[in-house]
Structures are given as C-alpha cells and as structure tokens.
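# Observations on chain architecture
One-letter residues, chain by chain:
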Amino acid sequence: MALRKIIEYPEPLLRVKAKKVDTFDEELKILVEDMAETMWEAPGVGLAAPQVAQSVRVIVVDVTEPGEEKHYMALINPEIVEHEGTQLDEEGCLSVPELTAQVQRYKKVTVDYQSEDGTSKQLIAEDRIAVVLQHEIDHLDGILFIDHLSPLKRNLYKKKRKKMLALEQTG
Ligand code: NI
C-alpha cells in the first residue's frame, strides 16, 4: 500500500467526469488499497479516485459505526438508483482546503455498485453514510460540495482560495 497525493481545488482534473471501470484487475485492487490508506491518513471519511488524480469511477467510504473497529467499503461504478427525504449536514472535502459548510442531501439512498471483483451489489444507507456516499459519487461527475452552496458563499470561497494559493507561492 502507498499514500497517494490528494489534488486540490481548483485543479481541473477534479472537474472531469470519471470513466466507468470495466477491468477488475490487480491494478484496481492496488488503487482501492492506496485510496483507503490515503483516506485514513488524511484523515477523511471518504475518498473518490479523481481526488488522487485517477479519473475512474471508484470511491472508498468509511462505514465504521460507533464502537466498531475502523473499516471501509470500496464501491466501483456506484450509482444512486433511489432516494428518500432530505437532510442538512456539515461537509468538508480533502480537495477543498479550509472550508466546511451545510449542504442539503438525500436522507436515504439506494446505491447500485460493483465490488472489487466485479460482482454487482446494492447498498441502502442513511444519515451520515448516505451523505458521504452522495459527496463521493458527486466527485465522479466532477461535482464538488461547493457547487451545492449559494453563489455568494461559493464566490467567497473562490476568493479565499486564490489568496491562500498566492500566499503559498510567495512562501
Ligand atoms: Ni470530497
């Protein structure tokens, strides 16, 4: 396993629609393991392949319930096929530094996906895990959580981020 570099907004690769996975090989398994390690290390509760500059439809999600030992799920080609209700929860993103904001999401989602060996599966999730799934699946379509904010909030962040990057350059 190896840590991968997480790319950050406004890196254009975050905006690309990721390709469907059709080869379930060793390379995919290594990508999944690296993504899980990178997520734990960050630390984060979910990670999408485009965030480590791999434009493929792969996500990993922390599905640990309170009191359980840490574990994650890898979902290949995930797709929300049903949803119910709405919820408002605080979100952040490893690719969007120094911002958290309230985002409205579905309360409950049904997700069709494939496991790492290509087997078709279905998952029903609600509350926090449903939020993480929706956030990570958005990444596969080039959508960031700031896209769900009001134009005012989004523009404020864009300006803040520009300043952060300018400061990083002048060192
Ligand atoms: Ni994210």
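Scroll up a little and you will see the structure.
Residues numbered from 1 in each chain as written. Predicted model: local features only at pLDDT ≥ 70, side-chain atom pairs only at ≥ 80, totals over all residues. Heavy atoms only, no water.

### Considering the pattern of salt bridges
Two side chains carrying opposite charge are able to pair once their charged atoms lie near each other. Here is the rule we go by: Any Lys or Arg side-chain nitrogen located within 4 Å of an Asp or Glu carboxyl oxygen qualifies as a salt bridge. The helix count covers DSSP runs of H or I at least four residues long, the strand count covers runs of E at least two residues long, and both are numbered beginning at the N terminus. Think of it in three bands: with a 1.4 Å probe and only protein chains considered, a residue is buried below 20% of the maximum accessible area for its type, exposed above 50%, and partly exposed in between.
Taken as a whole, this structure holds 9 salt bridges when the rule is applied. Arg-128 serves as the salt-bridge partner of Asp-89, at 2.8 Å between the closest nitrogen and oxygen. Here Asp-89 is found in strand β3 (residues 72–93), whereas its partner Arg-128 is found in helix α2 (residues 127–140), with 39 residues between them in sequence. Under the relative-accessibility criterion, Arg-128 is labelled partly exposed at 40%. With a closest N to O distance of 2.8 Å, Arg-105 and Glu-91 form a salt bridge. Of the two residues, Arg-105 sits in strand β4 (residues 96–114) while Glu-91 sits in strand β3, which places them 14 residues apart along the sequence. Each member of the pair, Arg-105 as well as Glu-91, carries the same accessibility label: buried. Several salt bridges share partner residues, and in doing so they unite Lys-17, Arg-57 and Asp-141 into one network.

### A few points about the coordination of the nickel ion
Stated precisely, the cut-off is as follows: Metal donors: N, O and S atoms at distances within 2.8 Å, or within 3.2 Å for Na, K and Ca, with water omitted from the atom set so that some sites may seem incomplete.
Summarising the metal site, the nickel ion is bound by the protein donors Cys-93 (SG), His-135 (NE2) and His-139 (NE2), whose distances to it range over 2.1 to 2.2 Å. Donor residues for the nickel ion sit on one chain with the sequence pattern C-x41-H-x3-H. Here Cys-93, found in strand β3, pairs with His-139, found in helix α2; they are 46 residues apart in sequence, far enough to count as distant. Summarising the burial analysis for this pair, Cys-93 and His-139 share the class buried.

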